[in-house]
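Coordinate inspection notes
As a plain string of letters, each chain reads:
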Amino acid sequence: MDVKAIEEKLTQLPLLIEKLLQNLGEDPQREGLLKTPHRVAKSLLDLTSGYHVDIDNLINRAVFKENYNEMVVVKDIRFYSLCEHHLLPFFGTASVAYIPNGKIIGLSKIPKLVDVFARRLQVQERMTQQIADMLQEKLSPLGVAVVIEARHLCMEMRGAKSQNSPTVTSAMLGAFRQSARTREEFLSFTHR
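What counts as what
- Residues numbered from 1 in each chain as written.
- Predicted model: local features only at pLDDT ≥ 70, side-chain atom pairs only at ≥ 80, totals over all residues.
- Heavy atoms only, no water.
- Helix = DSSP H or I, 4+ residues; strand = E, 2+ residues; numbered from the N terminus.
- Buried < 20%, exposed > 50% of the residue type's maximum accessible area, 1.4 Å probe, protein only.
- Polar contact = N/O pair within 3.5 Å; in protein donor to acceptor, adjacent residues only side chain to side chain.
- Contact = heavy atoms within 4.5 Å.
- Phe/Tyr/Trp six-rings, centres within 6.5 Å; stacked < 30°, edge-to-face > 60°.
- Salt bridge = Lys/Arg side-chain N within 4 Å of Asp/Glu carboxyl O.

Some remarks on unusual backbone geometry
- Look at Arg61: it is not a glycine, yet its phi comes out positive at around 60 degrees.
- Considering the arrangement of structural elements, one finds Arg61 in the loop between helix H3 (55-59) and strand S1 (63-65).
- In this structure Arg61 comes out as exposed when scored by relative accessible area, which is 73%.
- Residue Ser140 is not a glycine yet carries a positive backbone phi of 45 degrees.

Below, the structure written as structure tokens:
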């Protein structure tokens, strides 16, 4: 997002947040809330910054030719996201694996990719698939696997009020979908 677009949003969003506070029965002019509309606007722009990331720039020539065809696993990648249904946080860990097919990616790019998709209004199922699909697209590996375990405050704070009930999602592509042995090897690496 360019500077002008950010400045425009930082002008409009606080006005909307002020209206929201009023509709909740609050006084946006009371001392504790005076700066809240601007803080919330900045926070929301940061928490949804993934919409404006160019994946090719993120990868930034960090895909390398390499004759390696064994599993690569990056596990326990912490992430924070916002549920698109209630705008409440969900957070947890992602474990990502791929089997190279002549190309590898710089390891630091995998957590950055998770973060890009987490910094959008999301559902965990879609986020899991988006990470897998993007690695498949950029690397054409023999397989990709993603497992995400997350706690959803929309489920813990309201609705079911079910605490400590993490949700686990997975996406398995290529060799991970076709071979139970490959899938089990990955899951053994990520098991706690």
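Quick look at the side chain of Gln124
- Here Gln124 lies in helix H5 (residues 124-139).
- Overall, the relative accessible area of 1% leaves Gln124 in the buried class.
- Separated by 3.1 Å, the side chains of Gln124 and Thr169 make a polar contact.
- If near-sequence neighbours (up to four positions away) are discounted, Gln124 is found in contact with Phe90, Ile148, Glu149, Ala150, His152, Thr167, Val168 and Thr169.

Comments concerning the packing of aromatic side chains
- Counted under the stated rule, the structure contains three aromatic pairs.
- Geometrically, the ring pair formed by Phe79 and Phe90 is edge-to-face, given 6.0 Å between the ring centres and 75 degrees between the ring planes. Placement of the pair is Phe79 in strand S2 (residues 72-83) and Phe90 in strand S3 (residues 89-99), with a sequence separation of 11 residues.
- Under the relative-accessibility criterion, Phe79 is labelled buried at 1%.
- Ring centres of Phe176 and Phe186 lie 5.8 Å apart, and the angle between their planes is 75 degrees; on these two criteria the pair is classed as edge-to-face. Of the two residues, Phe176 is situated in helix H7 (residues 175-178) and Phe186 in helix H8 (residues 180-190); the sequence distance between them amounts to 10 residues.
- For Phe176, a relative accessible area of 0% puts it in the buried group.

Observations regarding the pattern of salt bridges
- All told, the structure shown has seven salt bridges when counted by the stated rule.
- The salt bridge involving Asp46 is made with Arg119; its shortest N-O contact spans 3.3 Å. Of this pair, Asp46 sits in helix H2 (residues 36-47) while Arg119 sits in the loop between helix H4 (109-118) and strand S5 (121-122), and the two are 73 residues apart along the sequence.
- The shortest N-O distance in the salt bridge between Lys138 and Asp56 comes to 2.7 Å. Of this pair, Lys138 sits in helix H5 while Asp56 is found in helix H3, placing the two residues 82 residues apart along the sequence.
- Three or more residues are tied together by salt bridges with common partners; here these are Asp46, Asp115 and Arg119.

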